[in-house]
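An overview of the molecular structure
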Amino acid sequence: MTDMSDPDLTPKQKRQLEKEHQQRLKYYSASQWTLIWWRFKRHRAAMLAAVLLGLMALAGIFAEFVAPYGPVTRDTKYIEGPPQIPKFCDDNGCSLRPFINGTKTERDPVTLRAISVPDPDTRYYISLFVKGESVKVLGFIPTDRHLIGLDDPDQKIHFWGTDDLGRDVFSRTIYATRTSLSIGVLGVLISFFLALAIGGAAGFFGGMTDNVIQRVTEVIRVVPIIPLYMGLAAAMPKEWSTTQVYFAMTLILGLFGWPTLARRIRSQLLSIRNEDYVVAARLAGARPRRIITQHMLPSFTSFIIVDLVISFPYMILSETALSFVGLGLRPPSVSWGVLLQQAQSVRAIEQTPWLFIPAVFVVVAVLAFTVIGDGLRDAADPYSEAK
Amino acid sequence: MLRFTLERLIGMAITMLLVSLMVFIIMEIPPGDYADRYAFRKYSGTGVNVTEADIQAIRVELGLDKPMIFRYFDWIGGIVLRGDFGQAFAFETSVVKVIGDKVWLTTGILFATLILTYLISIPIGIYAAVRRGSAVDYGLTIFSYLGLALPNFLLALVMLYFANRWFGADIGGLFSAEYRDAPWSLAKVWDMLKHLWLPAVVLAWSAVAYQIQTVRATMSDELNKLSVTAARARGVPERRLLIKYPARLAINPVVSTIGFDVNRIFSELPIVAVVLGLTDLGELLLKAYLDLDMNVAGAILLLLTFAIVFMNFLSDLLLAWLDPRIKLGA
Amino acid sequence: MSRMLTVENLSISFRTDEGVITPVQGVSFHVDQGRTLGLVGESGSGKSVSTKALMRLLPGTASLGADTRMHYTTKDGRVVEIETLANDGEPIRKLRGGEIGMIFQEPMASFSPVYTIGNQMMEAIQLHRPMGRREARSYAVEMLNKVGISNAEARVDQYPHELSGGMRQRAMIALTLSAGPALLIADEPTTALDVTIQAQVLDLMRDLQQELGMGMIFITHDLGVIAQIADDVAVMYLGTIVERGPAREVIRAPQHPYTQGLLAAIPSLDKLHDRLSPVPGDIPSPNARPTGCPFHTRCAQKIAGLCDARPPREIQTQPGRAVRCWLHDDEGRNAA
């Protein structure tokens, strides 16, 4: 320890020491969550993942505004069209504002099918906050403005191309992001509450209750999960509305997502109960309420949060997989899995590779959740060093 | 050892009993029952007017009018006592005939995948732990993140695409066209082996990613153990030391998670089967679900789970044999 | 009595995330055949690291100082310059086990749990002695008998977890000695054992050393153990030797304030109702080494302006005894 009253120090050194002292003080007196946040901030990959995921969530929440067009709006003039990349220059010179060239319809000289070919002589400029379809953001804020689009309301831009019905892949992906992420959130929440109740009961009551719960958990864990989900999803009546199917899906995913977490909660409860510091608190005469809130909960909430975060990918991948094979959400709903259903064949890779763009979202979302989970796990470990 | 085995066997029986109950419930959930679907499928479009009484007659004939618990015992009794999984209405034959040799195809895919998984993940995981912090190690970390994040059906599509480009068109499925309906022969088995690698690679992908991490983590722990330093201090040559001491223990968690790997592979199987055009149980399961042919679906779900439980049992035995600290009979 | 090991100016540095730290600086000692050198110090004083350096068992992040010399004379009279050997390779492997044996603090952790005692003993025997499997096995049984393990014929096929703590350490001694080392390094071999077992194991080690004529380096933090087993002692503090000399004399009349503090801290039956008198303060971390004498931060007799500014040199106080302290360096103190 350096003594701050040391007379040999210059004022500058003293200030430096004072600052360090303050920092150290701040560190020692910080709460558990502040410490976790500080450590998490230093984890660069996790921060990046969090930002990406945040952007995705925002885009999903405000899908009506972010997406230039509706998820089922068709552009019959541009069917299975490739992505249109905004440009600043073409043969007719350059512009400060990005634009795309128009297209015109011609007949293929061989097959005589109508095809779209670029028309280099027309330009459509891209703007922010353009007028377009009337929508209700968040379901209740009416607007006809969209984040991005073409000045000319009669023309459409398809950043990521269109599918076989001429629907805008970019807009559909934005809407699908909302569906897929929200199914993940709801599924995780349902399984979290189930896990809390079941794992809590097993850990709290122990004995026979614990034995029975352990058996049941074991049974659910041993059945392959996607085939199990598929069985339940297959049972959904065909005449159900998209909303019914949506909630049924969250329920199915949530209903069998709990065993891992429940097991974790149970074993945490059992082991923390016998930790020296909990025993010490009990011996020191602390009331049960204080022991639970001050000693047991803090040490395990961080674990639970980490587990929740890393269980997202399974939900998202399960939903995607089920919808992909036609047992999950059904058109006209849009989710990442539903979108990818259109890209089931090698032919799609060859001819309309842009239909795979939603897969990038799946991969990024899953990666992001995993990286954030890892970052949180490190940050929540009280023994890892923080500065 | 005998007592240990017996205990595990009994545990396995209890688990399977509970699993069969759950599978039965899943079979019962879809609206309507076998009789409805059978009648609908048989007579729809034929102009015959099916009355509720006709359906009821089918029900009585098949014992479907009995309470659920009796139906469960009929079902499970048939399976255990006679190996009879009931009728597959969509195929108008017995479930056993429909499933038939697909069981062996699926077993083949499973073992090909497992062998591939362990052949890749164990040596690589050990190598990554020994060379911690090297470029290879970082590359593997990125790979294992991708292994978890890339949906298997997407991987299957991409693999299929490249396989088609490099090896010609006839790479999907499990057999070449000329063998697809041919009776079993050595040539057909050889043909299957030639097709097996693609589904094996796709299915092994995430298992490999996961197991490399497991092996790497355990190996890293083991490398820091005093027993390794002690053996080194006795003059044991480095390579032999790595294999005999840390690596030997690093495969224990792999052995103990064989069941999980089987579970993961079966979980992915139906979806990968769709993309790759495999004619195995996974594809049949999906088809049965879509047709609501619940006898077939239930039978497959039960078989897959049985395989997982059985592999769990095997892995327990193997682990007890590998690790003397596991008290036999306790 | 011939000299088997001479260590001069041993310095060890580690590369860490916080920069280079040097937990051992300029340590010199020697071991004679048939004699025991006790290395004493608190945890973090560099005792274990120094002996690991002798066996070249340090991790890749460690490096030896440029003027470090570690010369070992083998059983057949060759001199090996250990500091020149590679961490991994035939020459150092020849030394490990066969010439220099090592026993660690945790007997359970020093054995691999998945092989029998016999398997691990036979491995060591066959590496260092020209014996076949059967011969090696019977030699293993013989060694187990020698260290006082009853029913050795059956024990040889048991796993480490089937033995009690004391038995395991005996087995570890048997294992280490079965390779036939001339020098034995024992790194706190009794610390993890019950007190009654400790005494038995100490007796056993002393007897075996006499019988086999081995040299021994005995690492401990317990001066009481030193009194029982060591001929010479070197007291280490923060990576340097602060006092050395014949064990009896050092314990009877310690000269360095740190050694005095360590002795005063030993609980004794005479002073049953007094409070224990610990050495005040904590051992500083190696990346925040104090300037001057490393002990000055905890020393009651420190000379302000000297001890905290300049490191003391080693002063011979009596034949065979030396201390690194300004209090004993009149000449240097006056010069300063």
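Owing to the predicted nature of the structure, the values given are computational and were not obtained by experimental measurement. (Residues numbered from 1 in each chain as written. Chains lettered and ligands numbered in written order. Predicted model: local features only at pLDDT ≥ 70, side-chain atom pairs only at ≥ 80, totals over all residues. Heavy atoms only, no water.)

1. Concerning the overall build of chain C
Filter applied, for reference: Starting at the N terminus, helices and strands are each numbered in turn, a helix being any DSSP run of H or I of at least four residues and a strand any DSSP run of E of at least two. Only C-alpha atoms enter the radius of gyration, while the globule expectation follows 2.2 Å times N to the 0.38, with N the number of residues. Type-normalised accessible area, obtained with a 1.4 Å probe on protein chains alone, sets the label of each residue: buried when under 20%, exposed when over 50%, and partly exposed for intermediate values. Throughout, a contact is declared for two residues whenever any of their heavy atoms are within 4.5 Å. Neither His nor the chain ends is counted toward charge; the positive residues are Lys and Arg and the negative residues Asp and Glu. Lysine's charge is taken at NZ, arginine's at CZ, aspartate's at CG and glutamate's at CD.
The secondary structure content of chain C amounts to 12 helices and 13 strands. A compact globule built from 336 residues should have a C-alpha radius of gyration of about 20 Å, and chain C, at 21 Å, falls within 12% of that. With the C-alpha coordinates of chain C rotated into their principal frame, the extents come out at 70 × 50 × 45 Å. Counting over 336 residues, chain C shows a buried share of 51%. Considering only contacts within chain C whose residues lie at least 6 apart along the sequence, 63% involve residues at least 24 apart. Counting 34 positive and 38 negative side-chain charges, chain C places the centres of these two groups 1 Å from one another.

2. Examining the domain arrangement of chain C
Formally: What fixes the domain bounds is an automatic or database domain assignment.
You can read the domains of chain C as domain 1 (111–180) and domain 2 (254–335). For domain 1 of chain C versus domain 2 of chain C, the distance between C-alpha centres works out to 43 Å.

3. Quick notes on unusual backbone geometry
The step from P331 of chain A to P332 of chain A runs through a cis peptide bond, and the omega angle for that step is 10°. Note on placement: P332 of chain A falls in the loop between α11 (288–324) and α12 (336–341). A positive phi angle is found at L292 of chain B, which is not glycine, with a value near 55°. Inspection of the secondary structure assignment puts L292 of chain B in the loop between α14 (281–291) and α15 (294–322). We classify L292 of chain B as buried; its relative accessible area is 14%.

4. Description of the pattern of salt bridges
Selection criterion: Salt bridge criterion: a side-chain nitrogen from Lys or Arg within 4 Å of a carboxyl oxygen from Asp or Glu.
Counted under the stated rule, the structure contains 31 salt bridges over all chains. One salt bridge in this structure joins R216 of chain B and D137 of chain B, with 2.7 Å as the shortest N-O distance. Here R216 of chain B is found in helix α9 (residues 186–223), whereas its partner D137 of chain B is found in helix α7 (residues 135–149), with 79 residues between them in sequence. In this structure, the salt-bridge partner of R313 of chain C is D329 of chain C, at a minimum N-O distance of 2.9 Å. With R313 of chain C in the loop between α11 (257–265) and β12 (315–318) and D329 of chain C in the loop between β13 (321–323) and α12 (330–335), this residue pair connects regions lying 16 residues apart in the sequence. Beyond isolated ion pairs, a larger network of salt bridges with shared partners links D88, E90, R93 and K94 of chain C.

5. Thoughts on the interface of chain A and chain B
Spelled out, the test is: Buried area adds together the accessible area that both of two parts lose upon being put together, with accessible area traced by a 1.4 Å probe.
Listed as interface residues are 42 residues of chain A and, on the opposing side, 42 residues of chain B. Around 3,600 Å² of area is buried between chain A and chain B when both sides are counted, 80% of it from carbon and sulfur atoms. At the junction of chain A with chain B, the criterion picks out zero salt bridges.

6. Comments concerning the packing of aromatic side chains
Residues and elements named next belong to chain A. Stated formally: Only Phe, Tyr and Trp rings are paired, with Trp represented by its six-membered ring, and only when their centres lie within 6.5 Å; those with planes under 30 degrees apart are stacked, over 60 edge-to-face, the remainder tilted.
Under the criterion given, the structure shown has 22 aromatic pairs over all chains. Seen in terms of ring centroids, F312 and F369 are 4.4 Å apart; in terms of plane orientation they differ by 0°. Their pairing is stacked. Of this pair, F312 sits in helix α11 while F369 sits in helix α14 (residues 357–380), placing them 57 residues apart in sequence. Of the two residues examined, F312 and F369, each falls in the buried class.

7. A short note on the arrangement of the chains
Counting contacts across all two pairs of chains found in contact, the highest total belongs to chains A and B. Kept free of each other, chain A and chain C leave a smallest C-alpha distance of 10 Å between them.

8. So, the confidence of the model for chain A
To be explicit about the condition: Per-residue confidence from the predictor is reported as pLDDT, a score between 0 and 100.
Averaged over all residues, the pLDDT of chain A equals 81, while 94% of them reach at least 70. Taking the mean pLDDT of every element in chain A, the minimum, 72, falls on helix α1 (residues 11–29) of chain A and the maximum, 89, on helix α3 (residues 44–61) of chain A.

9. Things to note about the interface of chain B and chain C
What counts is decided by this rule: Here a polar contact means two N or O atoms within 3.5 Å. Within protein one must be a hydrogen donor candidate and the other an acceptor candidate, and residues neighboring in sequence count only if both atoms are side-chain atoms. Residue polarity is assigned by list, with Asp, Glu, Lys and Arg as charged and Ala, Val, Leu, Ile, Met, Phe, Trp, Tyr, Cys and Pro as nonpolar; anything else, Gly included, falls into the polar class.
Counting residues at the interface gives 20 residues for chain B, matched by 28 residues for chain C. When chain B packs against chain C, close to 2,200 Å² is buried across both sides, 65% of that on carbon and sulfur atoms. Between K244 of chain B and E123 of chain C there is a salt bridge; the shortest N-O distance is 3.5 Å. Between the two partners, chain B and chain C, sit six residue pairs in polar contact (both at pLDDT 80 or more). Listing elements by their share of the side of chain B that touches chain C, those giving two or more residues are α10 (226–233) and α11 (238–250) of chain B. Within the side of chain B that touches chain C, the residues separate by chemical class into nine nonpolar, three polar and eight charged.

10. What about the state of the cysteines?
The line we're drawing: Criterion for a disulfide: a pair of cysteine sulfur atoms at a distance within 2.5 Å.
Counting across every chain of the model gives one disulfide over all chains. With no disulfide partner, C293 of chain C has as its closest neighbouring cysteine sulfur the one in C307 of chain C, 5.8 Å distant.

11. Focus on the packing of helix α8 (residues 152–167) of chain B against helix α13 (residues 258–276) of chain B
Residue and element names in this part refer to chain B. To keep it simple, the criterion reads: Note on geometry: axes are C-alpha line fits, over the in-contact stretch for helices, and angles between N-to-C directions span 0 to 180 degrees. The scheme is simple: roughly parallel for angles under 35 degrees, roughly antiparallel for over 145, roughly perpendicular for 65 to 115, oblique for anything else. Each helix crossing is assigned a hand: it is left-handed if the near helix lies turned anticlockwise from the far helix by less than a right angle, otherwise right-handed if that turn is clockwise.
Between α8 and α13, the least distance of the axes is 9 Å, while the angle of their chain directions is 30°. Relative to α13, α8 is oriented roughly parallel. The hand of the α8/α13 crossing is right-handed. Only E268, I271, V272, V275 and L276 of α13 make contact with α8, whose side of the interface consists of N152, F153, A156, L157 and L160. Its residues placed into classes, the contact of α8 with α13 shows eight nonpolar, one polar and one charged.

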